[in-house]
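Here's the letter readout for the chains.
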Amino acid sequence: QVQLVESGGGLVQAGGSLRLSCGASGRTFSINGMGMGWFRQAPGKEREFVATIDWSGGRTNYADSVKGRFTISRDNAKNTVYLQMNSVKPEDTAVYSCAAKYGSGPSSIADEYAYWGQGTQVTVSS
(Lines give C-alpha, C1' and ligand atoms only; values in the text may rest on other atoms or scores of the structure.)
Protein backbone atom coordinates (compact mmCIF):
# COMPACT_ATOMS: atom_id res chain seq x y z
CA GLN A 1 0.00 0.00 0.00
CA VAL A 2 1.28 3.42 -0.91
CA GLN A 3 1.97 5.75 1.95
CA LEU A 4 3.35 9.22 2.31
CA VAL A 5 4.72 9.95 5.76
CA GLU A 6 5.47 13.45 6.96
CA SER A 7 7.89 14.36 9.73
CA GLY A 8 9.60 17.40 11.18
CA GLY A 9 6.64 19.25 12.60
CA GLY A 10 6.59 20.69 16.09
CA LEU A 11 6.46 23.85 18.15
CA VAL A 12 8.55 26.79 17.02
CA GLN A 13 8.70 30.45 17.97
CA ALA A 14 7.71 33.12 15.50
CA GLY A 15 10.66 34.01 13.32
CA GLY A 16 12.15 30.56 13.63
CA SER A 17 12.60 27.74 11.14
CA LEU A 18 11.44 24.19 10.57
CA ARG A 19 12.10 21.64 7.86
CA LEU A 20 9.35 19.21 7.02
CA SER A 21 10.08 15.95 5.23
CA CYS A 22 7.76 13.69 3.28
CA GLY A 23 8.91 10.16 2.57
CA ALA A 24 7.24 7.62 0.37
CA SER A 25 6.86 4.05 1.51
CA GLY A 26 5.44 0.94 -0.04
CA ARG A 27 7.16 -1.85 -1.88
CA THR A 28 7.42 -0.34 -5.30
CA PHE A 29 6.14 3.18 -4.88
CA SER A 30 8.40 5.91 -6.11
CA ILE A 31 7.75 9.60 -6.34
CA ASN A 32 10.07 9.82 -9.34
CA GLY A 33 8.16 11.30 -12.22
CA MET A 34 5.41 12.65 -9.99
CA GLY A 35 4.51 16.20 -9.16
CA MET A 36 4.46 16.82 -5.41
CA GLY A 37 2.75 19.35 -3.20
CA TRP A 38 2.41 20.59 0.35
CA PHE A 39 -0.94 21.70 1.70
CA ARG A 40 -2.02 22.84 5.14
CA GLN A 41 -5.19 23.05 7.18
CA ALA A 42 -5.66 25.22 10.23
CA PRO A 43 -8.42 24.57 12.78
CA GLY A 44 -11.77 25.71 11.47
CA LYS A 45 -10.37 26.55 8.05
CA GLU A 46 -10.34 24.94 4.64
CA ARG A 47 -7.29 23.10 3.38
CA GLU A 48 -5.05 25.44 1.44
CA PHE A 49 -2.21 25.08 -1.01
CA VAL A 50 1.29 25.88 0.23
CA ALA A 51 3.86 24.80 -2.36
CA THR A 52 4.36 22.46 -5.29
CA ILE A 53 7.28 21.07 -7.28
CA ASP A 54 7.62 19.23 -10.57
CA TRP A 55 9.29 15.85 -11.01
CA SER A 56 12.76 17.25 -11.56
CA GLY A 57 12.71 20.02 -9.01
CA GLY A 58 13.11 22.58 -11.76
CA ARG A 59 9.71 24.19 -11.41
CA THR A 60 8.12 25.32 -8.18
CA ASN A 61 5.14 27.41 -7.20
CA TYR A 62 4.10 28.91 -3.88
CA ALA A 63 1.10 30.43 -2.21
CA ASP A 64 1.49 34.19 -1.87
CA SER A 65 1.32 33.86 1.90
CA VAL A 66 4.55 31.81 2.04
CA LYS A 67 6.47 33.11 -0.96
CA GLY A 68 9.96 34.20 0.01
CA ARG A 69 9.80 32.33 3.31
CA PHE A 70 9.20 28.67 2.39
CA THR A 71 11.16 26.52 -0.04
CA ILE A 72 10.05 23.20 -1.48
CA SER A 73 12.66 20.76 -2.75
CA ARG A 74 13.02 17.08 -3.48
CA ASP A 75 15.59 14.30 -3.51
CA ASN A 76 14.35 11.61 -5.84
CA ALA A 77 17.17 9.26 -4.89
CA LYS A 78 15.84 9.35 -1.33
CA ASN A 79 12.20 9.32 -2.41
CA THR A 80 11.66 12.41 -0.27
CA VAL A 81 10.23 15.90 -0.58
CA TYR A 82 11.05 18.74 1.79
CA LEU A 83 9.50 21.99 2.90
CA GLN A 84 11.93 24.44 4.46
CA MET A 85 9.99 26.96 6.52
CA ASN A 86 11.80 30.14 7.52
CA SER A 87 10.59 33.28 9.29
CA VAL A 88 7.50 31.43 10.42
CA LYS A 89 4.48 33.33 11.70
CA PRO A 90 1.66 32.35 14.07
CA GLU A 91 -0.66 32.21 11.07
CA ASP A 92 1.46 29.36 9.68
CA THR A 93 0.10 27.14 12.45
CA ALA A 94 -1.65 24.18 10.80
CA VAL A 95 -1.44 20.50 9.97
CA TYR A 96 0.85 20.19 6.97
CA SER A 97 0.30 17.36 4.51
CA CYS A 98 2.24 16.30 1.48
CA ALA A 99 0.66 14.86 -1.62
CA ALA A 100 1.70 13.12 -4.83
CA LYS A 101 0.04 13.44 -8.22
CA TYR A 102 0.23 11.53 -11.45
CA GLY A 103 1.86 13.61 -14.09
CA SER A 104 5.21 15.27 -13.76
CA GLY A 105 4.15 18.89 -13.45
CA PRO A 106 3.46 20.97 -10.37
CA SER A 107 -0.08 21.83 -9.31
CA SER A 108 -1.80 23.95 -6.69
CA ILE A 109 -5.09 22.07 -7.09
CA ALA A 110 -5.72 19.53 -4.34
CA ASP A 111 -8.11 17.46 -6.44
CA GLU A 112 -5.30 16.62 -8.84
CA TYR A 113 -3.40 14.71 -6.15
CA ALA A 114 -3.85 10.96 -5.81
CA TYR A 115 -1.90 10.20 -2.64
CA TRP A 116 -1.86 12.03 0.68
CA GLY A 117 0.02 11.72 3.92
CA GLN A 118 -1.57 11.92 7.36
CA GLY A 119 -0.01 15.27 8.11
CA THR A 120 2.30 16.75 10.70
CA GLN A 121 1.37 19.50 13.15
CA VAL A 122 3.23 22.79 13.02
CA THR A 123 2.55 25.24 15.82
CA VAL A 124 4.08 28.71 15.80
CA SER A 125 4.04 30.63 19.07
CA SER A 126 4.08 34.41 19.17
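What counts, and where the lines are drawn
- Residues numbered from 1 in each chain as written.
- Predicted model: local features only at pLDDT ≥ 70, side-chain atom pairs only at ≥ 80, totals over all residues.
- Heavy atoms only, no water.
- Core = buried A, V, L, I, M, F, W, Y, C linked by side-chain atoms within 4.5 Å.
- Buried < 20%, exposed > 50% of the residue type's maximum accessible area, 1.4 Å probe, protein only.
- Helix = DSSP H or I, 4+ residues; strand = E, 2+ residues; numbered from the N terminus.
- Contact = heavy atoms within 4.5 Å.
- Salt bridge = Lys/Arg side-chain N within 4 Å of Asp/Glu carboxyl O.
- Phe/Tyr/Trp six-rings, centres within 6.5 Å; stacked < 30°, edge-to-face > 60°.
- Lys NZ or Arg CZ within 6 Å of the ring centre and 35° of its normal.

(A) Examining the nonpolar core more closely. Grouped together as the largest cluster of nonpolar side chains are 35 residues, with contacts concentrated most on Trp38, Leu83, Met85 and Tyr96. Counting residues per element, the ones that place at least two in this core are β3 (18-25), β4 (35-41), β5 (48-53), β7 (70-75), β8 (80-85), β9 (94-101) and β11 (120-125). At five residues, the largest contribution of residues to this core is made by β9.

(B) Molecular detail of the side chain of Ser21. Its location among the elements puts Ser21 in strand β3. By relative accessible area, Ser21 is classed as buried at 17%. In contact with Ser21, other than residues within four places in its own chain, are Val5, Glu6, Ser7, Trp38, Thr80, Val81 and Tyr82.

(C) How the structure looks around the pattern of salt bridges. Enumeration according to the criterion identifies five salt bridges in this entry. Between Asp92 and Arg40 there is a salt bridge, and its shortest N-O distance comes to 3.0 Å. One end of the pair, Asp92, is in the loop between β8 and β9; the other, Arg40, is in strand β4, and 52 residues separate them in sequence. As far as burial versus exposure is concerned, Asp92 and Arg40 are alike and both buried. In this structure, Asp92 engages Arg69 in a salt bridge whose closest nitrogen and oxygen atoms are separated by 2.8 Å. Note that Asp92 is positioned in the loop between β8 and β9 and Arg69 in the loop between β6 (60-62) and β7, a separation of 23 residues in sequence.

(D) Local environment of the packing of aromatic side chains. Under the definition given, this model contains five aromatic pairs. Ring centres of Phe39 and Phe49 lie 5.8 Å apart, and the angle between their planes is 70 degrees; on these two criteria the pair is classed as edge-to-face. Taken together, the positions of Phe39 in strand β4 and Phe49 in strand β5 put the pair ten residues apart, joining distant regions of the chain. On the basis of relative accessible area, Phe49 is assigned to the buried category, the value being 15%. Their ring planes at 55 degrees and their centres at 5.1 Å tell us that Phe39 and Trp116 sit as a pair that is tilted. In this pair, Phe39 is assigned in strand β4 and Trp116 in strand β10 (residues 115-116), connecting sequence segments 77 residues apart. Trp116 gets classed as partly exposed once you look at its relative accessible area, which sits at 28%. The rings of Phe39, Phe49, Tyr113 and Trp116 are connected pair by pair, giving a single aromatic cluster. Positioned above the aromatic ring of Trp116, the side-chain terminus of Arg47 is 4.2 Å from the ring centre.

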